[in-house]
Amino acid sequence: MRFRAKIVDLACLNHFSRIINTIAKLAKTCILRLTVFKLYFILSDKVANGGASMWCELSQGNFFDEFQMEGVAAEHNEIYLEFVPENLWRALKTAQSAKAVKIKLTNKHCPCLRVAVDLPSLSSSSRIVTHDIPVGVIPRRMWNDFREPSVPDIDVSIYLPVLKTMKSVVERMKNLSNFIVIEANLSGEMNLKIETDLVSVTTHFKDLGNPPWASEDGCQSSAQGRDLESMAEACIDIKKLQQLLAGQQVNPTKALCNIVHKRIVHFILLHEEVSLQYFIPAIA
C-alpha cells in the first residue's frame, strides 16, 4: 500500500487548503478514500442516529502535479484512511508561499501522512518543514461503511440563495432557537423558519429556481406530478446548518438543496472540480 503526491502550483495548493478547511469545520475526524483518479472525504455519522453525513469528491488531476498510489490489492486499488482534517489543514496553512508540497503515506512508528513543505529561503538551500499526521488504516472489510450515501426520493429540489446572505440569516436565528425549519416548493420559493414559545421568525426567498433534476440524470424524484406551490419541509439542527454555511471556503458555482419531506435535507455544493454533499437528518 503506497501513496505519494506533490503540488507545485500555488493556486492549486491554496484551493486545496481551502477545501480541507471547509471539511475541518464539518468533521472532527473523517475518512480519506484514495483512488487512482479521485480523492474522497467522507463523514458518515449514521444519519439514523441523528448525525449529519458528508461526501466530498475531487479529481486529483486538478490539484496534484504528481500522484501515485497503490491500493491494498490489484483488484481493490484503493486506500481508506481515517484522520483529523484540522491537522492536515494546519500543515497546509504553513505552506501558503511554498515552492512545493509533498504528501506521502509513511509508517515509522505508526501510519502517518507526511506533509513536507518546501519553503523558499534567502540562501540557495531550501527549507523543508515536515508534519506527520497520524492516520488509521481502514481494513478492507469495513469499506462498505463508507459508500456514497443514497438519497431517498426527493420531494423538492431548489437552488440556494446567496450563501453569505443565508449564513447571516441563520446566524441571527441561531440565537433564538436550536432548530430551524427549511421549506421549499417547486416555484422557486424557500423559507427559513424558527418557532419558539416566545417568537416566530420567517425569512422568505423567492425566484431561486428549481434544477431540472428528474430529466437530467435519471434521478427520478417524487417531485414529478407534485403541486408546484406546496411546500416540502424538514426541521433540522440549526448548528449543523450553520457549520455548513460558516465553513464555506469553496465559493460554489452551484448550490442546491433537496428536501425529503420531514426526513432529510441534502445540500449539494458544486465548484468546477469539487463536489460537496452534506446530509442533515430531520428532527421528528
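Identification of the protein chain as Checkpoint protein HUS1 from Cardinalis cardinalis is taken from an unreviewed UniProt entry. Under Subunit (unreviewed entry), UniProt gives the following word-for-word description of the protein chain: "Component of the toroidal 9-1-1 (RAD9-RAD1-HUS1) complex, composed of RAD9A, RAD1 and HUS1. The 9-1-1 complex associates with LIG1, POLB, FEN1, RAD17, HDAC1, RPA1 and RPA2. The 9-1-1 complex associates with the RAD17-RFC complex. HUS1 interacts with POLB, HDAC1, FEN1, PCNA and RAD9B. HUS1 does not interact with RAD17. Interacts with DNAJC7."

## Some details on the packing of aromatic side chains
One pass over the structure, following the stated rule, counts eight aromatic pairs. The interplanar angle of 55 degrees and the centroid separation of 6.3 Å between the aromatic rings of Phe41 and Phe83 together place this pair among those described as tilted. Within this pair, whereas Phe41 is found in strand β3 (residues 38-44), its partner Phe83 is found in strand β6 (residues 79-83), the two being separated by 42 residues in sequence. Judged on exposure class, the residue Phe41 and its partner Phe83 are both buried. Taking the centre distance of 5.4 Å and the plane angle of 55 degrees together, the rings of Phe64 and Phe67 count as tilted. You can call Phe64 buried: its relative accessible area is 8%. The aromatic ring of Tyr40 is capped on one face by Arg33, whose charged end is 4.4 Å from the ring centroid.

## Digging into helix α2 (residues 85-93)
For α2, every residue scored as buried is listed here: Pro85, Leu88, Trp89, Ala91 and Leu92. Looking straight down α2, one finds its buried side chains confined to an arc of 160 degrees; they lie on one side. Elements in contact with the buried residues of α2: α1 (10-26), β2 (30-34), β6, β7 (100-107), β8 (111-119) and β9 (127-134).

## Some points on the sheet that holds strand β14 (residues 200-205)
An order of β14-β13-β12-β15 is seen for the four strands of this open sheet, with the pairing classed as antiparallel. Each end of this open sheet is capped by a strand with a single partner; those strands are β14 and β15 (232-237). The average undirected angle you get between the axes of adjacent strands in this sheet is 20 degrees. Here six bridges tie strand β13 (residues 190-195) to β14, and the two strands are oriented antiparallel to one another. Residue pairing across strands places Ile194 opposite Val201, the latter belonging to β14. This element, helix α5 (residues 238-246), spans β12 (179-184) and β15 of the sheet and lies at about 90 degrees to β15.

Rules used in this analysis
Residues numbered from 1 in each chain as written. Predicted model: local features only at pLDDT ≥ 70, side-chain atom pairs only at ≥ 80, totals over all residues. Heavy atoms only, no water. UniProt positions renumbered as here; feature names shortened; annotations may be inferred. Phe/Tyr/Trp six-rings, centres within 6.5 Å; stacked < 30°, edge-to-face > 60°. Helix = DSSP H or I, 4+ residues; strand = E, 2+ residues; numbered from the N terminus. Buried < 20%, exposed > 50% of the residue type's maximum accessible area, 1.4 Å probe, protein only. Lys NZ or Arg CZ within 6 Å of the ring centre and 35° of its normal. Arc of directions from axis to C-beta. Contact = heavy atoms within 4.5 Å. Pairing = 2+ DSSP bridges. Axes fitted to C-alpha atoms, helices over the stretch in contact; angles between N-to-C directions.

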